[in-house]
Amino acid sequence: MSQATEAGPATPRPAALPPVVDAGALGWIRKNLFSSWGNAITTVLLIAFIVWLGSFLLNWAVLKATFSAESGKECVGTGGACWAIIGAKLRYIFFGSFPYDQHWRPLFAIVTMLGMLVLSCDRRMWNAGRLAIIWGIGTVITFMLMFGQIHIPVTLVSAIIFVASLAATLFRRTVADNTERTVYTAVTVLSGIYLILRVLGVLPSYSVPIVLFSYVETGSWGGLAVTMILATYGLAFAFPYGILLALGRRSNLPLIRGLCIGFIELIRGVPLISLLIMASVMLPLFLPSGTSIDKFLRAQVAVILFAGAYIAEIVRGGLQALPKGQFEAADAMGLNYVQRTTLIVLPQALRVVIPPLINTFIGFFKDTSLVLIIGIFDFLKTASQALVDPLWTGFPGEIYLFAAAVYFCFCFSMSRYSKYLEHELNKGTRR
Amino acid sequence: MAALNGTSTVIQLDQVNKWYGQFHVLTDINLQVKQGEKIVICGPSGSGKSTLIRCINRLEEHQAGSIVVSVDGKSIELSNDVKNVEAIRKEVGMVFQSFNLFPHLTILDNLTLAPIWVKKMPKKEAEEIAMSLLHRVRIPEQANKYPGQLSGGQQQRVAIARALCMRPQIMLFDEPTSALDPEMVKEVLDVMIELAREGMTMLVVTHEMGFARSVADRVIFMDRGEIVEEGPPKEFFANPRNERTRTFLSQILHH
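Heads up: these notes are all about the structure in this document. (Residues numbered from 1 in each chain as written. Chains lettered and ligands numbered in written order. Predicted model: local features only at pLDDT ≥ 70, side-chain atom pairs only at ≥ 80, totals over all residues. Heavy atoms only, no water.)

Moving on, we come to the overall build of chain A. A tally of helices and strands in chain A yields 16 helices and two strands. Per-residue burial over chain A gives 37% buried out of 431 residues. Considering only intrachain contacts with a sequence separation of at least 6, the fraction spanning at least 24 residues in chain A is 72%. In the structure as shown, chain A presents an accessible area of about 25300 Å², 70% of it carried by carbon and sulfur atoms. Looking at chain A, you have 32 positive and 20 negative side-chain charges, and the mean spots of the two groups are 6 Å apart. (Helix = DSSP H or I, 4+ residues; strand = E, 2+ residues; numbered from the N terminus. Buried < 20%, exposed > 50% of the residue type's maximum accessible area, 1.4 Å probe, protein only. Contact = heavy atoms within 4.5 Å. Areas by Shrake-Rupley, 256 points an atom, 1.4 Å probe, with all protein chains shown as cover. Lys, Arg positive; Asp, Glu negative; His and termini not counted. Charge placed at Lys NZ, Arg CZ, Asp CG, Glu CD.)

What follows is the structure, given as structure tokens:
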């Protein structure tokens, strides 16, 4: 849009350039590092310190370091790092006490989970169908590899089929044609009959075994696979669960709101460690004798509940940041609650909370290491356990630096992804 | 406008009352709107004029009295029944003071969202309607931009097109030009005048008295939650009967 002045067609003034302030690298150094005697001395001292520290680290980590050795004794007295311990203990650190000859299984499980995560990071995969396929296949592969065999209980499957076909019968009543409706009804009735017979005890319980490899129980799992399973599935469940809690907390129905507030406050008011100990020690006391829930599963559920409460509060912040006009516009158009929430409210609310959300994700990835309290061998635990070997005692620095580097890789990728996501989602919406 | 005499009533408000806590925002509102009628509602701020039209599509709940909206020969009374509310909202479009476009969706997606999800219209058909409406409000070239990239006047025209995309029988305008820079008011009013000429039933809360003069069949003046005076614009502006109306008009028509 042009703005003509009343004065008539005067020649436009040429646009003035900003004054040049940058005088090259040398100018910058003079201005910022040597502007006065005090500054110059500080600069020189700091440079000396950095050089000393750098040479020390270089000596310790590279020049005097031992990269391969038969045992820790060869490292003693060199004055350098003993990286040989990492090489010697690498497989234990990554796979824990998983049977030695089967280590490729957790390795591929880790790769599968990484693939799953990387694929879900892509915006093009963000629809229910694609995500369901990615996570469905990824999950089956991961646990098939970890357990080696899966026993699918027919009762559970038929219960799921029953619920699904019942839902289809009810919700597609108006849109489906005759054949489709008949199929839904038939499946519902058949699975229903099976369930009734099962409950009455007429049919025995039966499960379909899929046996590919030797069975490895969760107690033998360890290392990076454990950390990744806990974090990946912890957050994959906690995220939608946290969103539901946040929506529930803002509900108009007092019962739902009360339950959500109560749950969030209760979980947030308790340390994760106490929750884990409750899950591992106290829960079995309340269960009828003879029943047992896997310890790993209990820890996983505790992590999900805990993360869910935190995610809920972050999402609530995003919901509250949304202008009232957005809700009103959606209402005025006749969108119902679910449509309004999924199409208008959540896409905007979640966008606002990406930085704190990823912050929480990073925090939880590291917090999964607390499961070592209840005797689950996650990555940090297997790393520290590697130090127990009498052949290799005395090099905790090297081991923990290595563990820290691995954690850092994961956390830093998440942080970069958060940055990319913010940029990507705000494309075009900025002025 | 004698032509309206034979047409049917589309909105009927009987003794509508509403309170915010102890504050009585709407007092015994009675109002009948005929098909194709254009009504301008004016009044000082806090007089309840926005609340009144927001009650018609249930963005605000009234506590006493009845509001009935009749579309396609069916009369629907506003109640707590969500089905009724949604049925009315399908037929009543609304334009807000602050546009309220969805910033995360393109202009085209803003327009097609409700037709696709509420009316279950095929995407292609919805996009065709949306594009023809964008032509009507004279910004088809902006279809793939985001709301944040448009000027206020353009955004408000998009908001009008978005409401029209649902093919509503009635349009509510809640101070559509109040948030606009002065040079953009006209482009929005032009669209509204065009819409009025095409026979849309319109309830417009506005301070644009020029618009009221040229378009309105009836001007309603509200103060302290009551309808103080109403009449055809000629009469209303030439010799207002009520003292409060005179004061208000002298305040906004000071030059």
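Bringing the overall build of chain B into the picture now. A count of helices and strands for chain B gives nine helices and ten strands. Rg of the C-alpha trace for chain B: 18 Å, near the compact-globule value of 18 Å for 255 residues, within the 12% margin. Counting only C-alpha atoms and orienting by the principal axes, one finds that chain B spans roughly 55 × 45 × 40 Å. Relative to its 255 residues, chain B shows a buried fraction of 57%. Within chain B, contacts between residues at least 6 apart in sequence are counted, and of these 65% link residues at least 24 apart. Summed over all atoms, the accessible surface of chain B reaches about 11100 Å², with 49% contributed by carbon and sulfur. Charged side chains in chain B number 29 positive and 31 negative. The centres of these two groups are separated by 2 Å. (Rg over C-alpha atoms; globule rule 2.2 N^0.38 Å.)

Attention now moves to a nonpolar patch on the surface. All names here are of chain A. The grouping of Ile 152, Val 157, Ile 161, Val 183, Val 187, Tyr 206, Val 208, Ile 210 and Leu 212 at the surface amounts to a nonpolar patch, some 720 Å² of accessible area in total. Going through the elements one at a time, helix 6 (154–171), helix 7 (178–200) and strand 2 (207–211) are the ones with two or more residues in the nonpolar patch. Take Val 183: it is sitting in helix 7. A residue is classified by how much of its surface remains accessible, and Val 183, at 47% relative accessible area, is partly exposed. (Patch = residues over 30% accessible without salt bridge, like charges linked within 9 Å, V, L, I, M, F, W, Y side chains within 5 Å. Salt bridge = Lys/Arg side-chain N within 4 Å of Asp/Glu carboxyl O.)

Bringing the sheet that holds strand 9 (residues 218–223) of chain B into the picture now. Residue and element names in this part refer to chain B. If you walk across this open sheet you meet the six strands as 6-7-8-3-9-10, and the pairing is mixed. Edge strands, defined here as strands with exactly one partner in the open sheet, are strand 6 (92–95) and strand 10 (226–231). Strand-to-strand twist of the sheet, defined as the mean angle between neighbouring strand axes without regard to direction, takes the value 20°. On the sheet, helix 1 (residues 49–56) packs against strand 3 (38–42), strand 6, strand 7 (170–174), strand 8 (201–205) and strand 9 and is oriented at approximately 150° with respect to strand 7. Each of strand 6 and strand 7 touches helix 2 (residues 82–91); the most contacted strand, strand 6, lies at about 70° to it. (Pairing = 2+ DSSP bridges. Axes fitted to C-alpha atoms, helices over the stretch in contact; angles between N-to-C directions.)

The α-helix advances 3.6 residues per turn, and as a result positions three or four apart in sequence lie on the same side. All names here are of chain B. When helix 9 (residues 243–252) is considered as a whole, its buried residues turn out to be Thr 245, Phe 248 and Leu 249. For helix 9, the arc enclosing every buried residue in end-on projection is 95°, short of the 170-degree limit, so these residues lie on one face. Of the residues that open helix 9, the one with a side-chain oxygen 2.7 Å from the backbone nitrogen of Arg 244 is Asn 242. (Arc of directions from axis to C-beta. Polar contact = N/O pair within 3.5 Å; in protein donor to acceptor, adjacent residues only side chain to side chain.)

Attention now moves to helix 4 (residues 123–136) of chain B. Residues and elements named next belong to chain B. Taking 1.5 Å of rise per residue, the 14 residues of helix 4 would be expected to cover 20 Å, and the 20 Å separating its terminal C-alpha atoms lies within 8% of that figure. Of the positions making up helix 4, those classed as buried are Ala 126, Ile 129, Ala 130, Leu 133 and Leu 134. Along the axis of helix 4, the buried residues cluster in a sector spanning 140°; they form a single face. Exposed residues lying more than 90 degrees from the buried face of helix 4 are Lys 124 and His 135. (Expected span 1.5 Å × (residues − 1).)

Turning to the pairing of strand 5 (residues 74–77) of chain B, a few remarks are in order. Residues and elements named next belong to chain B. Alignment of strand 4 (residues 64–71) against strand 5, held across four bridges, turns out to be antiparallel. Residue pairing for strand 5: Val 71 is matched across the bridge by Lys 74. Once strand 4 ends, the chain turns through two residues before running back antiparallel as strand 5, passing Asp 72 with a positive phi of about 50°.

Residues and elements named next belong to chain B. Read from one edge of the open sheet, four strands run 2-1-4-5, paired in antiparallel fashion. Edge positions in the sheet fall to strand 2 (23–34) and strand 5, since each has one partner strand and no second. Averaged over all pairs of adjacent strands, the angle between strand axes in this sheet comes to 20°, irrespective of strand direction. Together, strand 4 and strand 5 form the strand contacts of helix 2, whose direction differs from that of strand 5 by roughly 125°.

Every contact between the two is made by 28 residues of chain B and, on the other side, 23 residues of chain A. Summing both sides of the interface, chain B and chain A together bury roughly 2100 Å²; the carbon and sulfur share of this comes to 61%. Together, Arg 89, Phe 102 and His 104 of chain B form the three largest contributors to the area buried by chain B at its contact with chain A, with a combined 26%. Where chain B meets chain A, there are one salt bridge. Glu 328 of chain A is paired through a salt bridge with Arg 54 of chain B; the nearest N and O atoms lie 2.5 Å apart. In this assembly, chain B and chain A are joined by seven residue pairs in polar contact (both at pLDDT 80 or more). A total of four residues in the side of chain B that touches chain A trace back to one element, the largest contributor, which is helix 3 (residues 107–117) of chain B. Split into classes, the residues belonging to the side of chain B that touches chain A amount to 15 nonpolar, eight polar and five charged. (Buried area = accessible area lost by both parts, 1.4 Å probe. Nonpolar A, V, L, I, M, F, W, Y, C, P; charged D, E, K, R; others polar.)

Turning next to the nonpolar core. With 86 residues, the main nonpolar core has Trp 221, Leu 224, Ile 229, Leu 319, Phe 379 and Ile 399 of chain A as its most contacted residues. Looking at this core element by element, the count peaks at 14 residues for helix 8 (residues 224–249) of chain A. Beyond its immediate chain neighbours, meaning those up to four positions away, Leu 319 of chain A contacts Ala 246, Leu 247, Arg 250, Phe 327, Val 345, Leu 346 and Ala 349 of chain A. Val 191, Met 202, Phe 221 and Leu 249 of chain B belong to the second-largest nonpolar core, a separate cluster that totals 52 residues. (Core = buried A, V, L, I, M, F, W, Y, C linked by side-chain atoms within 4.5 Å.)

You can see Ala 179 of chain B is positioned in the loop between strand 7 and helix 6 (182–197). What makes Ala 179 of chain B partly exposed here is its relative accessible area of 44%.

For the rest of this paragraph, the subject is the side chain of Asp 223 of chain B. Residue and element names in this part refer to chain B. Topologically, Asp 223 is positioned in strand 9. With relative accessibility at 11%, the residue Asp 223 sits in the buried group. Apart from residues no more than four positions distant in its own chain, Asp 223 is found in contact with Pro 44, Ser 47, Val 228 and Arg 244.

Glancing now at a positive patch on the surface. Taken together, the side chains of Lys 74, Lys 90, Lys 119, Lys 120 and Arg 167 of chain B make up a positively charged region of the molecular surface. The topology assignment puts Lys 74 of chain B in strand 5.

This brings us to the environment of Ser 205 of chain A. Residue and element names in this part refer to chain A. By secondary structure assignment, the location of Ser 205 is in the loop between helix 7 and strand 2. Note on Ser 205: relative accessible area 54%, which makes it exposed. For Ser 205 and Glu 313, which are 108 residues apart along the polypeptide, the C-alpha to C-alpha distance reads 42 Å.

Residue and element names in this part refer to chain B. Here the structure, examined in full by the defined rule, presents 27 aromatic pairs over all chains. A ring pair is formed by Phe 236 and Phe 237, whose centres lie 5.2 Å apart and whose planes are at 90°; its orientation type is edge-to-face. Owing to a relative accessible area of 1%, Phe 236 belongs among the buried residues under this scheme. In this arrangement the basic side chain of Arg 162 is found over the ring face of Phe 102, its NZ or CZ atom lying 4.6 Å from the centre. (Phe/Tyr/Trp six-rings, centres within 6.5 Å; stacked < 30°, edge-to-face > 60°. Lys NZ or Arg CZ within 6 Å of the ring centre and 35° of its normal.)

These values are about where atoms sit, not about what they do.
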